[in-house]
Number of protein chains: 2
Amino acid sequence: MKFGEQNRTIRLGIIGMGGRGFGQTETLLDMPDVEIRAICDVYQDRVENGIKLVKERRGTECFGTLNYRELNRLPELDAVVIMTDWTTHIRIAIDAMRCGKDAAIEVGPASSVQECWDLVHAQEETGRVFMFLENCCYEDQHLTLLNMVQKGVFGELVFCAGGYQHDLRDEIGNGDIYRHYRQDNFLHRNGEIYPTHEVGPLSKLLRINRGNRMLSLTAMSSKSVGLHQWFLTHRSDRPDLGTARVTQGDIAAVLIRCAGGELISLTHDCTLPRPYDQNFRVQGEKGVWREAGHVICIENNSPPDEYGENQYEPDSRLFTQYRHPMWKAYEEFGLRGDHGGLDYLTLRAFVEVVQKQAQSPIDVYDAAAWMAVGCLSEESIALGGTPVAIPDFTNGRWMTRKADKPSWYALDGVYPEEFEDLSSNS
Amino acid sequence: MKFGEQNRTIRLGIIGMGGRGFGQTETLLDMPDVEIRAICDVYQDRVENGIKLVKERRGTECFGTLNYRELNRLPELDAVVIMTDWTTHIRIAIDAMRCGKDAAIEVGPASSVQECWDLVHAQEETGRVFMFLENCCYEDQHLTLLNMVQKGVFGELVFCAGGYQHDLRDEIGNGDIYRHYRQDNFLHRNGEIYPTHEVGPLSKLLRINRGNRMLSLTAMSSKSVGLHQWFLTHRSDRPDLGTARVTQGDIAAVLIRCAGGELISLTHDCTLPRPYDQNFRVQGEKGVWREAGHVICIENNSPPDEYGENQYEPDSRLFTQYRHPMWKAYEEFGLRGDHGGLDYLTLRAFVEVVQKQAQSPIDVYDAAAWMAVGCLSEESIALGGTPVAIPDFTNGRWMTRKADKPSWYALDGVYPEEFEDLSSNS
């Protein structure tokens, strides 16, 4: 494995220097073969913070601008990393690719199916590398599950579930103070508006866009109680927030039917008091794994109870046995970056596919399908739970699509020959 | 409290003497103020087994018949307990009430919304006591949760979830041998076809039919993999089962929207290898309880983590504090009957409401609404996840309904004066 390997230096522009953009830029600056050449944000102080960071870490000057179009047109850049608010990721990425730049975007929901198509068309027409920075796909446990699924531990997959269950009342409720976009989204939208942390890794297990696809979804949401209560008790400075109608239901739930007959269940839960929890579940013909309590039961593998019946065991035994070689190698190299090392791994995947012009492990079709769950769930909820179709953004190629330029970071089980240990049995 | 109290003797007829009927009859025979006077089943050997059981336990003779209409017309009976297959519960109960008998039925899904209306009309027109024997409503943990909800521990409820997640491949797959009806249902239907163990107790928490109601549902199901595989490996004697098309998806999922804005999520999962698990969750403005791992987090009550953030604690502390007085009294009396004592408690509720002609704690409106989730989920799945309306079987009375003859077994928070400790704070 090649963690720490130096490749040709690439020159990046960063668009979006809020808290997330700043942290990701720090992680990118840990890579000697990456140069940060330009910074863009809509706030001048953030641009200056970014320039200062690069100066401190590298001693180099950085171009700064408030206009992403200007940054996208800088001829010296190889690629841009876009970490703006949810509603601008796609339009900025389209502009970047049309300016001849490879592009990566942070996660979030789409606002319309059309903007997903526009993104797909821009990538197809320009041929640029595009990557969706869904760090959850690179989680230790998801890579392990991917390995287990690819080795048939669960047999034929039948059902997957996950939830974005994260008490974000402070971030949302103080969004106007923090200059954070979530508040606007929670005051105006109602849906599974942050689907990709769950539908992303689950789609990799289910081979979405690579032999499978999501066909349709239906969604319902609960009333909205939590954020209103929070405004009343925490924002006496803004009585208008206390009387505002919060449209986003506390809980939004989505059911997705796949072409292969699998069912996916998603839950969005961000405005009630609770511990963080993704509530993942992976279930197939041979058994079930449940994140709550970290337990697994695989028939004829997990030890049965005293009556010979299936019972859960801690997932540690099988997770150790099937740990993904990529994560093992990463641990030997040393985890770095935020979110327990995920961010480095995800950004490194982008950097290396740009360097090698390899297949993007989370490509434009993945981004379009996953992000579309955001706006489509809003549509279904607005229509009282009516099912809505999820477009086939590959236009039929999902049936036979394979990676044609495999990379170490691939998530589809297709790796370069030198990494073939990935496909051997544990 | 009155466990063990003897009231006027009631004379019961039993319809349905399969495994479940036999066990429930044994439990009823533990009650000195209950006489079993008649037994009916479609199989003669089961009728004889029932008669023999009563003879052994009580020394009395019992009338036996293969025809439920004959049993329902016996003038000496006060009430009948119906424990037949899912598709006959309702029609037999209607006939019983029209013959002037109080009636209780075992759980299961309805086959049509119309039969639910027919049941409601029969009860309203005859005025007989009707009870739906949903034993899960009387579980220790559900009574505790009910007490917690009624005392405001969760604040305003927002979301509830539960699942019938029970590996029944043996019972279903050998149904033809066991003379069990599940096989026919799994070969022909596709839905949440056993909803009441979850929607029942959750409806009690949500005051369904007593200030709230279920408005609509949407459902989706996965492909069917598990039962087909099981037939192939376990029923070489019946190759027709191995080639049969199993219609019931391994996983069926339902989302229900309530008039109060609450969301309910149900999961049906009976044909894949797995441990038994109901995966309950109760969530409100103040916190969340999760059955998986038996954890709870109530803001400003559960101890926060070292950073002051909400975290789960084992549910034992709050469950001990809020344990329902009915279960405490039952434990002092001594648990009896199957399912950890639930069956005795549920049957005893029926016996006592018959004796006292009190309000049924799980009445015809509850039965109709909960059972209808079965056929309505089939309709929604057949329509590709289209939402379907859940009828208001109370015809508007749900807005203001209260128990008018409260009993100890009530599940709506309305108890007789002598049990007022139930409504005081723990």
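What this report covers is the structure whose coordinates are included nearby. It should be emphasised that the depicted structure is a prediction, and the values quoted were computed from it without experimental measurement.

What counts and what doesn't
Residues numbered from 1 in each chain as written. Chains lettered and ligands numbered in written order. Predicted model: local features only at pLDDT ≥ 70, side-chain atom pairs only at ≥ 80, totals over all residues. Heavy atoms only, no water. Pairing = 2+ DSSP bridges. Helix = DSSP H or I, 4+ residues; strand = E, 2+ residues; numbered from the N terminus. Axes fitted to C-alpha atoms, helices over the stretch in contact; angles between N-to-C directions. Contact = heavy atoms within 4.5 Å. Least-squares fit on C-alpha atoms with pLDDT ≥ 70 in both. Parallel < 35°, antiparallel > 145°, perpendicular 65-115°, else oblique. Nonpolar A, V, L, I, M, F, W, Y, C, P; charged D, E, K, R; others polar. Phe/Tyr/Trp six-rings, centres within 6.5 Å; stacked < 30°, edge-to-face > 60°. Buried < 20%, exposed > 50% of the residue type's maximum accessible area, 1.4 Å probe, protein only. Lys NZ or Arg CZ within 6 Å of the ring centre and 35° of its normal. Right-handed = clockwise from strand over helix to strand, strands pointing away.

What to know about the sheet that holds strand 4 (residues 79-82) of chain B
All names here are of chain B.
- Taken in spatial order, the six strands line up as 3-2-1-4-5-6 in an open sheet, and their pairing is parallel. Both outer strands of the open sheet, strand 3 (63-65) and strand 6 (130-132), are each paired with one neighbouring strand and no more. Sheet twist, expressed as the mean angle between neighbouring strand axes with direction ignored, is 20°.
- Strand direction decides the pairing type here: strand 1 (residues 10-15) and strand 2 (residues 34-40), joined by six bridges, are parallel. Paired with glycine 13 across the bridge in strand 2 is alanine 38.
- The strands touched by helix 16 (residues 364-382) within the sheet are strand 5 (102-105) and strand 6, with strand 6 carrying the most contacts at an inclination of about 40°.

Re the relation of the copies chain B and chain A
- When chain B is fitted to chain A, the residual RMSD is 0.0 Å, and the transformation amounts to a turn of 180° plus an axial shift of 0.0 Å. In the structure described here, the two chain copies are related by an operation that fits a two-fold rotation axis.
- By residue overlap, the copies meet face to face through one surface: 100% of the interface positions of chain B are interface positions in chain A.

Describing unusual backbone geometry
Residues and elements named next belong to chain A.
- For arginine 207, which is not a glycine, the phi torsion comes out positive at approximately 55°.
- Its identity is not glycine, yet asparagine 300 carries a phi of approximately 60°, on the positive side.
- Tracing the backbone shows asparagine 300 in the loop between strand 13 (295-298) and strand 14 (313-314).

So, the packing of helix 14 (residues 325-333) of chain A against helix 15 (residues 342-356) of chain A
Residue and element names in this part refer to chain A.
- The interhelical angle for the contact between helix 14 and helix 15, taken along N-to-C directions, is 110°, at an axis separation of 12 Å. With respect to helix 15, the element helix 14 is oriented roughly perpendicular. Residue-level contacts link Met326, Trp327, Tyr330 and Phe333 of helix 14 to Leu342, Tyr344 and Leu345 of helix 15.
- Here the contact of helix 14 with helix 15 is built from residues that sort into seven nonpolar, no polar and no charged.

Concerning the packing of aromatic side chains
- Under the criterion given, the structure shown has 30 aromatic pairs over all chains.
- For the pair B:Trp86 and B:Tyr194, a centre-to-centre distance of 5.4 Å together with 25° between the ring planes defines the contact as stacked. Taken together, the residues B:Trp86 in the loop between strand 4 and helix 4 (89-98) and B:Tyr194 in the loop between helix 9 (182-188) and helix 10 (196-205) connect sequence positions 108 residues apart.
- Relative to B:Phe319, the ring of B:Trp289 lies with its centre 5.7 Å away and its plane at 35°, an arrangement referred to as tilted. You can see B:Trp289 sitting in strand 12 (residues 287-290) and its partner B:Phe319 sitting in helix 13 (residues 316-321), a full 30 residues away along the chain. The residues B:Trp289 and B:Phe319 share a single accessibility class, namely buried.
- Every member of this aromatic cluster is reached through a ring pair, and the members are A:Phe3, A:Tyr138, A:Trp327, A:Tyr330, A:Phe333, A:Tyr344, A:Trp408 and A:Tyr409.
- Over the ring of B:Tyr194 we find B:Arg182; its NZ or CZ atom is 4.7 Å from the centre of that ring.
- Between B:Arg336 and the ring centre of B:Phe333, over which it is positioned, the NZ or CZ distance is 3.8 Å.

Section: the pairing of strand 5 (residues 102-105) of chain A
Residues and elements named next belong to chain A.
- Burial of strand 5 is two-sided: the residues Asp102 and Ala104 facing one way and the residues Ala103 and Ile105 facing the other way are all buried.
- Sheet analysis places strand 4 (residues 79-82) next to strand 5, joined by four bridges and oriented parallel. Considered in strand 5, the bridge of valine 80 is made with alanine 103.
- This β-α-β element, strand 4 to helix 4 (residues 89-98) to strand 5, shows right-handed connectivity.
- In this structure, strand 5 lies alongside strand 6 (residues 130-132), joined through three bridges in parallel fashion. What sits directly across from alanine 104, in strand 6, is methionine 131.
- Once you follow strand 5 into helix 5 (residues 113-126) and on to strand 6, the crossover reads as right-handed.

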